[in-house]
Amino acid sequence: MSRFFVLTLNGVTQGAIYAAMALALVMIWRATKVINFAQGAMAMFTTYLAVFAIEHGTPYWVGFLVALVSGLLLGAIVERVIVRPVESAPALNVVILTLGLLLFLEALAPMAFGGQIRSFPPAFSIVGLRLGTSQVPFSPFDLFTLGSVVAVMLLLLVLFQKTDLGLRMRASAFNPEVSRLLGIRVGRMLTLGWALASLVGALAGVLIAPSLLLYPTFMDDVLVFGFTGAVLGGLDSAVGAVVGGLLMGFALTYVGGYFGSDLETVGALVILIAVLMVRPSGLFSVQRVRQV
Amino acid sequence: MVAVQSRLDRLVRPTFGRHLLFALGAAVVLLLLSSQIGAYDDYNLTAVAIFAVAAAGLNLLTGLNGQLSLGHGALMAIGAYTASLLLKDHHQFPVIVVLLAAVLSTGVIGIGFGYAAARLRGPYLAGATLTLAVAIPQVATRYKSIFGGESGLTVAPSSPPDWLGADFPPERWLAWIAFAAAIVTMVLLANLLRGAPGRAFKAVRDNEAAAALAGINVARTQVLAFVVSAACAGLAGALLAYWTGVTAPAGFTLALSLQLITAIVIGGLGSLAGAVWGSLVLVFVPLLTSGMASRLSLPSSVADNLPLAIYGCILVIAMLVAPHGIQGALRRILAYGRARWGNTPGGGQKGVVDWDDPAPDT
């Protein structure tokens, strides 16, 4: 089987996870104009909670649920307690706030759960599927990863496009003042937006943990690649985030496969700079005339 | 008559002279201090000086020019590796040559990256510098034959010159080098910020369109800020190489970049003095917590991570309640004192404090 085909299959799975991370970042960016640099650390923390549950004898699926529910709660708490008070502060302050949260969570996790590196069990076999006589480098767990990311994205699409709640959330992000006048509880919508985004991030964490090992900074690279994907897509576009995340997945597995895995982050840097030089606000962004 | 008066004024109270006097004072105090304390404290003060250089550079870029860099740890790595490559195989280059080479190499890379950065705004710039922070250490891991891989490069220490005596402690010699570098950096930066470039930095930060209308070349100003800032990071990186004795990728993680941001936020965004306050916090908080942890016999997983947890908390709390940092608080106290007990420069009303802007920048 050709190397290219193998790498492409790996790229899809990796890309799905980066796309989830990118989508989480874009959801928060669109709702509150904040880049949540703590997104990766929050997902790391919820993954630790999941492994904590599993180590205490619960089945995998309970751990999986623990991660998603705690992600939902953590997102809501962070928005309510930390981000809400600085709503009108300069953008730099809010960024620094999320960086502080990142440092805090990455220090708290080893304090609470112990500093040793752990492995995370996968839900399904990670041995490649059989197609006739040949083995495809695509395992049931890869299928599960891809399937759950696609399912979550479809659910979000239905929520935002087809439901009343989704419409209210979009309206709050688009114009908080007018939405408030129309009787929308904008504050609640923002909290919900953060909670949902954090849930998507938590999903990315549980899905990638089996292929990486679990340690406090294990999500740093995923955050960087997801963020790179989101920036590539243009931070305002959910479709752009998913496409950007997938592109990152492919690009990084090709770079890793052909040039060595040490160069993946360098590849990300080169791609990001190259794209931003041509389009300083991403591939899918609407070009805006700069105000003078 | 008025013109003569103002020219006289400029001769008697030149800004450069004032900065120089201040620097001389600082040098004398630090020299006296370093000879009174033991090698261990010299070693810690060296770290303060190193972080102060890097934090001052970052504060110029982020606090005064409004460009957030999450990649200054990586720029320090470039300086550190430049120094380590020069000092590999026991080459005995003089310290000044090594430091200048590090400034130069990081500055050149800063030009390239500064041009890219000047096109990017807000989150896009943060994203690009974040990627820089994680990518640079990977390069060092990848090219083992040049950069020594994970185990890094060892750095030959700079031995004190003979005229200081045979038993002069090397820690104190390194402390002197770091103090000298920090003082020179501070004087140069203070002058830059007092002059036209400093005003341009702030103008671009506050309103790009207005700055452009006032005839400031926005892109060039941003590149200049990035280059100066990168050069400071390079100098700090080279000093760090001497200080740790080994340059390895593990020393330049994302956490280093975030700690520098912590330093300028705690110290005070946009002020050189703030960079020094922040560096003191960066060096002495871990010492305090490790002392506390050993007294309370905390497990190592808690003790090792306590400083980072505290930085994280401080960052969050500072942004919520004191976004101007230590220097901002000091300014408020000073401004309150001036307003309360008269002697207000600029004829402000006695007893009235403008809490929103207690004192001008720098």
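Residues numbered from 1 in each chain as written. Chains lettered and ligands numbered in written order. Predicted model: local features only at pLDDT ≥ 70, side-chain atom pairs only at ≥ 80, totals over all residues.

*Asks:* What exactly am I supposed to notice about the overall build of chain A here?
*Replies:* A count of helices and strands for chain A gives eleven helices and two strands. Starting at the N terminus and ending at the C terminus, chain A contains elements arranged as α-α-α-α-β-β-α-α-α-α-α-α-α. On C-alpha atoms alone, chain A measures out to a radius of gyration of 19 Å, which is about the 19 Å that the 2.2 N^0.38 rule sets for 292 residues. Oriented by its inertia axes, the alpha-carbon framework of chain A measures out at about 65 × 50 × 35 Å. Within chain A, the proportion of its 292 residues that are buried is 49%. Look at the contacts in chain A between residues 6 or more apart in sequence, and 70% of them connect residues 24 or more apart. (Helix = DSSP H or I, 4+ residues; strand = E, 2+ residues; numbered from the N terminus. Rg over C-alpha atoms; globule rule 2.2 N^0.38 Å. Buried ≥ 20, exposed ≤ 12 C-beta atoms within 10 Å, placed from the backbone. Contact = placed C-beta atoms within 7 Å.)

*Asks:* Please clarify how the overall build of chain B should be interpreted in this entry.
*Replies:* For chain B, the helix and strand inventory stands at 15 helices and two strands. Looking at chain B residue by residue over its 362 residues, the buried ones come to 50%. Contacts in chain B between residues far apart in sequence, at least 24 positions, make up 76% of those at least 6 positions apart.

*Asks:* How should I be thinking about helix α11 (residues 218–244) of chain B in this particular structure?
*Replies:* Given 3.6 residues to a turn, an α-helix orients residues that are three or four positions apart in the same direction. All names here are of chain B. Over its 27 residues, α11 runs 39 Å from end to end, which matches the ideal 39 Å to within 8%, given 1.5 Å per residue. Judged by how many residues are buried, α11 sits mostly within the fold: 23 of 27 residues are covered. Of the residues flanking the end of α11, it is glycine 245, one or two places downstream, whose phi is positive at about 80°. (Expected span 1.5 Å × (residues − 1).)

*Asks:* Before we go on, may I ask you to explain the nonpolar core in this structure?
*Replies:* Here is a general trend for soluble globular proteins: nonpolar side chains tend to be buried in one another's company. Residues Ala20(A), Leu105(A), Ile50(B), Val53(B), Ala54(B), Leu235(B) and Leu239(B) are the most contacted members of the largest nonpolar core, which totals 213 residues. With 18 residues, the top contributor of residues to this core is α11(B). If near-sequence neighbours (up to four positions away) are discounted, Ala20(A) is found in contact with Val149(A), Val200(A), Leu203(A) and Ala204(A). (Core = buried A, V, L, I, M, F, W, Y, C linked by C-beta atoms within 7 Å.)

*Asks:* Is there a simple way to explain the interface of chain A and chain B in this structure?
*Replies:* Interface size is commonly expressed as the accessible area that is lost once the parts come together. Contacts between the two partners involve 45 residues from chain A, matched on the other side by 37 residues from chain B. Looking at the side of chain A that touches chain B, the elements that each hand over two or more residues are α4 (91–113), α9 (220–233) and α11 (264–278) of chain A. Residues belonging to the side of chain A that touches chain B are distributed by class as follows: 32 nonpolar, nine polar and four charged. (Nonpolar A, V, L, I, M, F, W, Y, C, P; charged D, E, K, R; others polar.)

*Asks:* Explain the confidence of the model for chain B here, please?
*Replies:* Low pLDDT means the predicted coordinates in that region are not meant to be read closely. Residues and elements named next belong to chain B. Here chain B averages 84 in pLDDT, while 90% of its residues score no lower than 70. Model confidence for chain B, summarised as mean pLDDT per element, is weakest for helix α1 (residues 2–12) at 57 and strongest for α11 at 94. Within the model, pLDDT remains below 50 along residues 346–362, and this stretch shows 24 contacts once partners closer than five positions in the same chain are excluded. Interface predicted TM-score (ipTM) for the complex: 0.80; the corresponding pTM is 0.84. (pLDDT = per-residue confidence, 0-100.)

*Asks:* It is not clear to me how the packing of helix α1 (residues 3–32) of chain A against α9(A) should be interpreted in this structure. Could you clarify?
*Replies:* A packed helix pair is summarised by two numbers, namely the angle formed by the two axes and the spacing between the axes. Residues and elements named next belong to chain A. Look at α1 against α9: their axes get within 8 Å of each other, and the N-to-C directions meet at 65°. Judged by the angle between their axes, α1 and α9 are roughly perpendicular. The hand of the α1/α9 crossing is right-handed. Here Ile17, Tyr18, Ala19, Met21, Ala22, Leu25 and Val26 of α1 come into contact with α9, specifically with Val222, Leu223, Phe225, Gly226, Phe227, Gly229, Ala230 and Gly233. Of the residues that constitute the contact of α1 with α9, the class distribution is twelve nonpolar, three polar and no charged. (Axes fitted to C-alpha atoms, helices over the stretch in contact; angles between N-to-C directions. Parallel < 35°, antiparallel > 145°, perpendicular 65-115°, else oblique. Left-handed = near helix turned anticlockwise from the far one by under 90°.)

*Asks:* What should I look at first to understand helix α13 (residues 272–295) of chain B in this one?
*Replies:* All names here are of chain B. In this model α13 runs 35 Å from its N-terminal to its C-terminal C-alpha over 24 residues, within 8% of the 34 Å that 1.5 Å per residue would give. Of all the bends in α13, the greatest reaches close to 30° and is centred on phenylalanine 284; the proline proline 286 follows between one and four positions later. Of all the residues in α13, the buried ones are Leu272, Gly274, Ala275, Val276, Trp277, Gly278, Ser279, Leu280, Val281, Leu282, Val283 and Thr289. On its buried side, α13 packs onto α3 (39–64), α8 (170–194), α12 (254–267), α14 (300–321) and α15 (325–340). Immediately beyond the C-terminal end of α13, within one or two residues, lies serine 297, with a positive phi of roughly 45°. (Bend = angle between axes of the 7 residues up to and from the residue.)

*Asks:* Would you explain unusual backbone geometry in this entry?
*Replies:* Excluding glycine, most residues fall at negative phi; most peptide bonds, likewise, are trans. For Lys33(A), which is not a glycine, the phi torsion comes out positive at approximately 55°. On the neighbour-count criterion, Lys33(A) (14 C-beta atoms within 10 Å) is partly exposed.

*Asks:* So what exactly am I meant to see when it comes to the environment of Thr8(A) here?
*Replies:* Relative to the helices and strands, Thr8(A) resides in helix α1. Sequence separation of Thr8(A) and Gly249(A) is 241 residues, and the distance between their C-alpha atoms is 9.0 Å.

*Asks:* Help me out: how do you make sense of the packing of α13(B) against α15(B) in this one?
*Replies:* All names here are of chain B. Axis separation between α13 and α15 bottoms out at 7 Å; the angle between their running directions is 120°. Here α13 lies oblique to α15, going by the angle between them. Of the two elements, α13 crosses α15, and the hand of that crossing is right-handed. Of α15, the residues touching α13 (which contributes Ala273, Gly274 and Trp277) are Gly325, Ile326 and Gln327. For the contact of α13 with α15, the class distribution of residues is three nonpolar, three polar and no charged.

*Asks:* Which parts of the structure should I look at to understand the environment of Ala214(B)?
*Replies:* Residue and element names in this part refer to chain B. Position of alanine 214 among the secondary structure elements: in the loop between α10 (208–213) and α11. For alanine 214, a count of 11 C-beta atoms within 10 Å corresponds to the exposed category. Residues alanine 214 and alanine 126, 88 residues apart in the sequence, show an inter-C-alpha distance of 27 Å.

*Asks:* Would you mind going over the environment of Leu192(A) with me for this structure?
*Replies:* Residue and element names in this part refer to chain A. Among the secondary structure elements, leucine 192 is positioned in helix α8 (residues 186–208). Assessed through the 21 C-beta atoms surrounding it within 10 Å, leucine 192 is described here as buried. Distance in space between the C-alpha atoms of leucine 192 and alanine 20 is 17 Å, their sequence separation being 172 residues.

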